[in-house]
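Fold and geometry: a report
Below are the chains, spelled out letter by letter.
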Amino acid sequence: MQRATELGQKERGKIWHRKPGSSAGDGIIVNVVHNVVGYPTKIIRFLHVAFDTAGEAFIAGDHQGNIYVFDLSRNSFKLVQRTGQACTALAFNLRRKTEYLVALADYSVKCFDTETKELVSWMKGHESTVSSISVDVSGRHAITTSVDTAQLWDLDTFQRKRKLNVNLSVGIQRVYFLPLSNIILSCFKDDSIFAWESDTLHCKYQLPVPDESPIHYKSFAVTRDGRALIAGGKSNFLHLWCLNARQLQRIIQMPPKVRTIRHLEFLPDSFDGGSSQVVGALSQDGIMRFINIQTCKLLFDIGSLDNGISTAAVSPNGHYIAAILEDGSFTIYNARALSRELNKPPPPLVKIVADREKTEDFKNVSVPSGLKMRVTSGKVERSWRGKTAGKETKARILKPPGTVLEDKENELPAGLNKKRLRAQLKVFGEYPEKYRMFIWRSLLQLPENHASFSSLTDKGTHPAYLGIHEKYPIKSRKLLRILQRVLSAMAHWSTIFSEVSYLPLLAFPFVKLFQNNQLIGFEVVATVIINWCQHWFEYFPNPPINLLGMIENILAHHDKELLQHLVNYNITSQSYAWPLLETLFSEVLTRSEWLMLFDNIFSNHPSFLLMAVAAYLICSRSPLLHCNIKEDLENFFHHRNNLDLEAVIKEAYHLMDSTPEDAHPKRMLDDFLPLTKGQYPIFNKYPTFIVNYQTQERERIWQEELNYLKERQLAHELEAQSVRRQAENAAWYRQQELLQEAEEQRRKILLEEEQKLVDQRMRLAAVNREMKIKELQVLDTAQKRFLKYQQEQQKTELRRLDDEIDRKISLRDKETAALIQDIKVRNMELEMKKRIFEQQLAKKQEAVTQKVKGQLGINWIKADIEDQEFKNQLELDQCPDVEEYKNIVEELAGTDQLSNNKDWQAQMLSKQRDFSLKQQKSQAELECLARKNKEKEAMLFDMMKGFEDQQWTKVAAKPAEPEAWQQGEGDAASWRRQLLPDGANEDTESDDHACRNPHDPSVRPYDSRTICPMKQGRDLLLGSGDQNPTSLCLNDMTFDSSVQLSLDRGRMDRERKERELMTGVRELRQKLATRARLRYSTNSLTDSAT
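All residue numbers refer to positions counted from 1 along the written sequence of the respective chain. For this predicted model, a pLDDT threshold of at least 70 governs which residues receive local features, and a threshold of 80 or more governs which side-chain atom pairs are given and counted, while totals over whole chains, interfaces and linings are taken from all residues. Where side-chain values are given, they derive from all heavy atoms of the structure, hydrogens and water being excluded.

The helix count covers DSSP runs of H or I at least four residues long, the strand count covers runs of E at least two residues long, and both are numbered beginning at the N terminus. Helix and strand counts for the chain come out as 27 helices and 36 strands. Contact definition: two residues touch when any of their heavy atoms are within 4.5 Å. Put simply, 61% of the contacts in the chain that link residues at least 6 apart link residues at least 24 apart. Per-residue and other accessible areas follow the Shrake-Rupley method at a 1.4 Å probe size, with only the shown protein chains counted as cover for residues. As displayed, the chain has an accessible area near 60800 Å², and 52% of this comes from carbon and sulfur atoms.

Laid out in structure tokens, this is it:
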């Protein structure tokens, strides 16, 4: 009866409610259906499944984006993610065991965590559907494949490292990592297959395309050891490739009903060593057929024609098969139940025919003729089991009478013979990889005491191995737990093994080899210790000196030179033999070499191990003899060396045969003795008093530690009680303080109430006072309002007066503006006269320059005109008085005429070179000086205007004082007459007369605020006798007949300041004139040189 589990809306639960038996013929464990609640016939289809590395759990995704994790070891499932869109590929074998990759329908790949259910990373880059995801053996890199591209991702950073683009006409079928290597295999639609190195992405090789008609590869599968590749496509042929030889090894023809191969999966076996012999081929009819690729026998099939299989996945341990059916559900099969015939041990390898002629098994194995083989139905035909066509071949073995006892001793369980195995071993050097574990179990005659081993493991982890992960940090946690469990069982079996420091090194290779079966691993280690480690613990805790002495004797007998060399450099047997023994050669050999060596060790007497050590030393004699440093000699036995192991084994056999009896370790070591069945034997071959003493010391230390912990716990309890009592005391005192505070608070409340009554009485009295004060305030307010009214009336009158004053001031400003316009017209007239004078001066300068430069005509005139224009512009801004400017220019012309001598011609050439640079600099300086002159003139004008405003203010404030004014006017006139020459005095008197007679029609009135101060100050400073008759003095003003003016008492001080300012202006103008003179002389010299 088929067992079914419906998921519905459950997010977690059990996969099956009753544990299925392994004896079911169909091998079905459970069928899982994800149906819609309320619609039993509507099923949410599962699309893809993927197993984890251990093979005990897998993830499954449906077309709605739900991702489930199914843990077969714990019989549980849970919903870990809802992506919202269908998945196209899955991968669950990452380095971080809780993470998995999902390829979605939007061409992206996401990484989720099964524990936290969070998104770890989101990888984009594909432009079409991702069909497959391949993760390398380390779990650090992944390859995602679509029809047009393949991308290599770093799973630590989730960044894209490389990208492979191909033409759409070719197309990519699949790109994936090969197991146990760094090779990437890429398969294309044209049946070409390339191998690339994942580190450099260099093409390593290409598999040749078969000459036969193409089958259009669509599915591929690789064995766990990465040595064989099988491919299938649109035909019933399977191509088996040998990747080591890089050639097509075999073509397998499926039954005629198979037309297309849709999916391929290898079925791993516990004893095949990774070279799987069974492959499952899913065809177009929905049936997955499992065949043996060596015998081409059909072993079993799964699926049905009614509800076929769409895709399938096989667990890495080969225990389970998860097949997704066409109806959307998936079925979990027990692969061991389906292939229980494959797990039986093989029959004897060698058979003796009736005529007693010895034959070798490997020669009797029939090799099919030709490359192509046809798959036939029936059971597996194995050369190691002696079955043909499903029936066991019974052979009669004839033995001579003298060999009965010998053969009885060599007989092993499961029909094997030790003597024949040795013969095969000598021929091939090692046992077949596929049957090595089975042969070892037979050679060691393991009893498989499940009950005894369970009783040892039930005792838990031994205290001596609780911290083994600190001393031996193994990368695989699973392997570390298995090693810890096996070592704990050894320690519980015998006390000595809890004290042996090198036991983990000795047991680790066997535990790793049998990690899937801890019982076998424990019994192999126990058997090795009982037989091949005899007398190892007699000198515990020291190394076995007796055995090391045997090795030294063997070496002394066969290679005295090598022994003497080691002795010369103080290298004892504890340095060259004990490192090899305590690690059982695992430190100096590779995995394959170590397996080959122990094939020979387990097949011979226990003394063969010591002979192997001596053989290793003898075969290494050449590098050892050339080594002269003690440290190098010691390190030689802790590292892998370039040594031929077959030569070592051959030498070991030679030592076994050629060593004399007195030096042969065989006489001191017992023969092989297997473990007893039911109960393991007592192991007490060690100095019990030392072990007991160490155990007692450890127990004593442990007891002291326990006592210390108890005392510390007691101290903690006393301290806690003390703290608790202190807390109680503090709480009591706190309570008393609270009571006192409450009493004080009550007293304060009473005092506050009494104070409130007093305050209320005071407030009543205050209210009465406030009422009286308000009455007084009302009266005062009325009085203030009346006073304010009076003030407003006065302010209104004042504002009216201010408006009148402002009106008069505005009228005065207008008159002042009219006078300023007249002054501007006067300035324009002066500028016109100045320009006429400049033209005359230019003509004179040109005549003087013509005498010096001769024939320099047109060029000199152009330069002089440009400089003259700049000079005219500058002088227009600085010299508003034409008469004064005329006197200065005449003086400059005379100076130029006097300084025009023969020295000009000597300096002409030197000044000509600097002229171009100095001309610009001089112009800039002249402009700067002109600007400063203007600023000072403006400052003087503002000062004079301010002085005039003060006079107007005082005139307006005071009544007219004609007598004082006349007296002041007379004093000023006399002071001016003393300063000016005679002619100037006459002009000044005429000006004063004009000022005093404003009603005279022949005299033009001028405003003293604009022209008189500047003109008069300039006349005084220049000292010229030609005064302008129209100029006005500082205090000459024209007033209306109704207005009277008076002089200020500080008039003399202001006139003194005015004279000082005019002196400064004169000095600036003299500097400008000097600079202009120098420039004119430079221009003249330049033109003459030209």
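After that view, the rundown keeps rolling.
Once that is clear, we can look at the sheet that holds strand β10 (residues 87-91). For two strands to be treated as a pair, DSSP must find no fewer than two bridges joining them. On the basis of which strands lie adjacent, the open sheet formed by four strands has the order β10-β11-β12-β13 and antiparallel pairing. Across the chains shown, the open sheet's two edge strands, defined by having one partner strand only, are β10 and β13 (119-123). Sheet twist, expressed as the mean angle between neighbouring strand axes with direction ignored, is 20 degrees. As paired elements, strand β12 (residues 109-113) and β13 share four bridges and run antiparallel to each other. If you follow cysteine 111 over to β13, its bridge partner there is serine 121. Here the axes come from fitting lines to C-alpha atoms, over the contacting stretch only for helices, and the angles between their N-to-C directions go from 0 to 180 degrees.

With that settled, consider the pairing of strand β27 (residues 278-283). Burial within β27 is extensive, with six of its six residues counted as buried. Throughout, exposure labels follow a simple rule: accessible area from a 1.4 Å probe, protein chains only, divided by the maximum for the residue type, with under 20% read as buried, over 50% as exposed, and the rest as partly exposed. Side chains of β27 alternate between two faces, with Val278, Gly280 and Leu282 and Val279, Ala281 and Ser283 buried alike. Two elements, strand β26 (residues 261-267) and β27, share six bridges in a ladder whose sense is antiparallel. For isoleucine 261, the partnering residue across the bridge sits in β27 and is serine 283. The turn linking β27 back onto strand β28 (residues 288-292) is made up of four residues, and glycine 286 within it adopts a positive phi angle of 85 degrees.

Before going further, it helps to spend a moment on helix α12 (residues 560-568). Among all positions in α12, only Leu562, Leu563, His565 and Leu566 are buried. Seen end-on, α12 carries its buried residues on one side only, within an arc spanning 160 degrees. When the buried face of α12 is taken as reference, the exposed residues oriented beyond 90 degrees from it are Lys560, Glu561 and Asn568. In this structure, the buried side of α12 is in contact with α11 (545-558), α13 (573-576), α16 (608-619) and α17 (621-625). Where α12 ends, the next residue or the one after it, asparagine 570, has phi of about 60 degrees, a positive value. By arc we mean the arc of the directions from the helix axis to the C-beta atoms, nothing more.

Attention now moves to the nonpolar core. When a protein is soluble and globular, its nonpolar side chains tend to lie buried together. Ile529, Trp536, Phe585 and Phe602 are the most contacted members of the largest nonpolar core, which totals 106 residues. Residue contacts for isoleucine 529: discarding those within four places in its chain leaves Met490, Phe497, Leu503, Leu506, Gln534, Phe537 and Phe683. Listed in part, the 22 residues of the second largest apolar core include Phe51, Leu72, Phe77 and Tyr320. Think of a nonpolar core as a cluster: buried Ala, Val, Leu, Ile, Met, Phe, Trp, Tyr and Cys residues, connected wherever their side-chain atoms sit within 4.5 Å.

Residues qualify for a patch when their relative accessible area is over 30% and they have no salt bridge, like charges being joined within 9 Å and the nonpolar side chains of Val, Leu, Ile, Met, Phe, Trp and Tyr within 5 Å. Salt bridge, as used here, is a side-chain nitrogen of Lys or Arg placed within 4 Å of a carboxyl oxygen of Asp or Glu. Counted charges follow a simple rule, with Lys and Arg positive, Asp and Glu negative, and His plus the chain ends left uncounted. One atom stands in for each charge, and that atom is NZ of Lys, CZ of Arg, CG of Asp or CD of Glu. Taken together, the side chains of Arg477, Lys478, Arg481 and Arg485 make up a positively charged region of the molecular surface. As for its position among the elements, arginine 481 is in helix α8 (residues 477-493). Judged by relative accessible area, arginine 481 falls into the partly exposed class, the value being 47%.

Ordered by their spatial adjacency, four strands build an open sheet running β14-β15-β16-β17, and the pairing between neighbours is antiparallel. The sheet is open, and its two edges are formed by β14 (132-135) and β17 (159-165), each paired on a single side. Strand-to-strand twist across the sheet, computed as the mean angle between neighbouring axes with direction ignored, equals 20 degrees.

For phenylalanine 514, the position within the fold is in the loop between α9 (503-513) and α10 (518-531). In this structure, the C-alpha to C-alpha distance between phenylalanine 514 and valine 524, residues ten residues apart in sequence, is 9.1 Å. Excluding anything up to four places from it in sequence, phenylalanine 514 contacts Met437, Trp440, Ile520, Gly521 and Val524.

Attention now moves to the packing of aromatic side chains. The description of an aromatic ring pair rests on the distance of the ring centres and on the angle between the ring planes. Classification of ring pairs uses Phe, Tyr and Trp, with its six-membered ring standing for Trp, and accepts pairs whose centres are within 6.5 Å; under 30 degrees between planes counts as stacked, over 60 as edge-to-face, and the remaining range as tilted. One pass over the structure, following the stated rule, counts 40 aromatic pairs. Pairing phenylalanine 537 with phenylalanine 683 gives two aromatic rings, centres 5.7 Å apart and planes at 85 degrees, and the pair type is edge-to-face. Here phenylalanine 537 is found in the loop between α10 and α11, whereas its partner phenylalanine 683 is found in the loop between α19 (645-658) and α20 (688-853), with 146 residues between them in sequence. A relative accessible area of 3% places phenylalanine 537 in the buried class. An aromatic cluster of three or more residues is present, and its members are Phe46, Phe51, Phe58, Tyr68, Phe70, Phe77 and Phe330.

What follows is about the pattern of salt bridges. A side chain of one charge can pair with a side chain of the opposite charge if their charged atoms are brought near each other. All told, the structure shown has 22 salt bridges when counted by the stated rule. In this structure, aspartate 225 engages arginine 227 in a salt bridge whose closest nitrogen and oxygen atoms are separated by 3.9 Å. Judged by relative accessible area, aspartate 225 falls into the buried class, the value being 16%. Between glutamate 737 and arginine 734 there is a salt bridge; the shortest N-O distance is 3.6 Å.

A few words now on the side chain of glutamate 582. Here glutamate 582 lies in helix α14 (residues 578-582). Buried within the structure, glutamate 582 lacks any salt-bridge partner; lysine 471 is the closest side chain of opposite charge, at an N-O distance of 9.6 Å. Residues contacting glutamate 582, with those up to four places away along its chain left out, are Tyr502, Leu505, Leu506 and Trp536.

A few words on the environment of aspartate 156. One can find aspartate 156 in the loop between β16 (149-154) and β17. On the accessibility criterion, aspartate 156 (34% relative accessible area) is partly exposed. Taking the C-alpha atoms as reference points, aspartate 156 and arginine 140, 16 residues apart in sequence, are found 6.3 Å from one another. Dropping the residues within four chain positions of it, aspartate 156 is found in contact with Arg95, Arg96 and Arg140. Here a polar contact is taken to be a pair of N or O atoms separated by no more than 3.5 Å, where protein atoms must pair a possible hydrogen donor with a possible acceptor and residues adjacent in sequence count only if both atoms sit in side chains. Of the polar contacts made by the side chain of aspartate 156, one reaches the side chain of arginine 140; its length is 2.9 Å.

Between α8 and α9, whose axes approach to 10 Å, the crossing angle comes to 120 degrees. Classified by the angle their axes make, α8 and α9 are oblique. Handedness of the α8/α9 crossing: right-handed. Across from Leu479, Ile482, Leu483, Val486, Leu487 and Met490 in α8, the residues of α9 making contact are Leu503, Pro504, Ala507, Phe508, Val511 and Lys512. For this scheme, ten residues count as nonpolar: Ala, Val, Leu, Ile, Met, Phe, Trp, Tyr, Cys and Pro. Four count as charged, namely Asp, Glu, Lys and Arg, and the remainder, Gly too, count as polar. Looking at the contact of α8 with α9, its residues break down into eleven nonpolar, no polar and one charged. Angular relationships are summarised with four words: roughly parallel below 35 degrees, roughly antiparallel beyond 145, roughly perpendicular across 65 to 115, and oblique for the angles in between. Handedness of a crossing follows from how the near helix is turned relative to the far one, being left-handed for an anticlockwise turn of less than a right angle and right-handed for a clockwise one.

pLDDT measures the predictor's confidence residue by residue and takes values from 0 up to 100. On average, residues of the chain carry a pLDDT of 77, and 75% of them reach 70 or more. A low-confidence stretch, residues 346-370 stays under pLDDT 50, and its non-local contacts, those more than four residues away or across chains, total 37 contacts.

Structurally, arginine 162 is set in strand β17. Considered as a pair, arginine 162 and leucine 152 are ten residues apart in the sequence and their alpha carbons are 5.1 Å apart.

Any helix carries an expected span of 1.5 Å times its number of residues minus one. For α16, with twelve residues, the first-to-last C-alpha span of 16 Å sits near the 16 Å given by 1.5 Å per residue. Among the twelve residues in α16, eleven count as buried, and that is most of the element. Those residues of α16 that fall on the buried side of the exposure criterion are Phe608, Leu609, Leu610, Met611, Ala612, Val613, Ala614, Ala615, Tyr616, Leu617 and Ile618.

What follows covers the side chain of serine 488. Checked against the element boundaries, serine 488 lands in helix α8. Side-chain polar atoms of serine 488 contact the backbone oxygen of glutamine 484, separated by 2.7 Å. Among all residues touching serine 488, those that are not within four sequence positions of it are Gly460, Thr461, His462 and Tyr465.

Put simply, α9 and helix α15 (residues 591-602) touch, their axes get as near as 13 Å, and they point 100 degrees apart. In terms of orientation, α9 lies roughly perpendicular with respect to α15. Each of Pro509, Phe510 and Leu513 in α9 lies in contact with α15, whose residues at this interface are Arg591, Trp594, Leu595, Phe598 and Phe602. Looking at the contact of α9 with α15 residue by residue, the classes come out as seven nonpolar, no polar and one charged.

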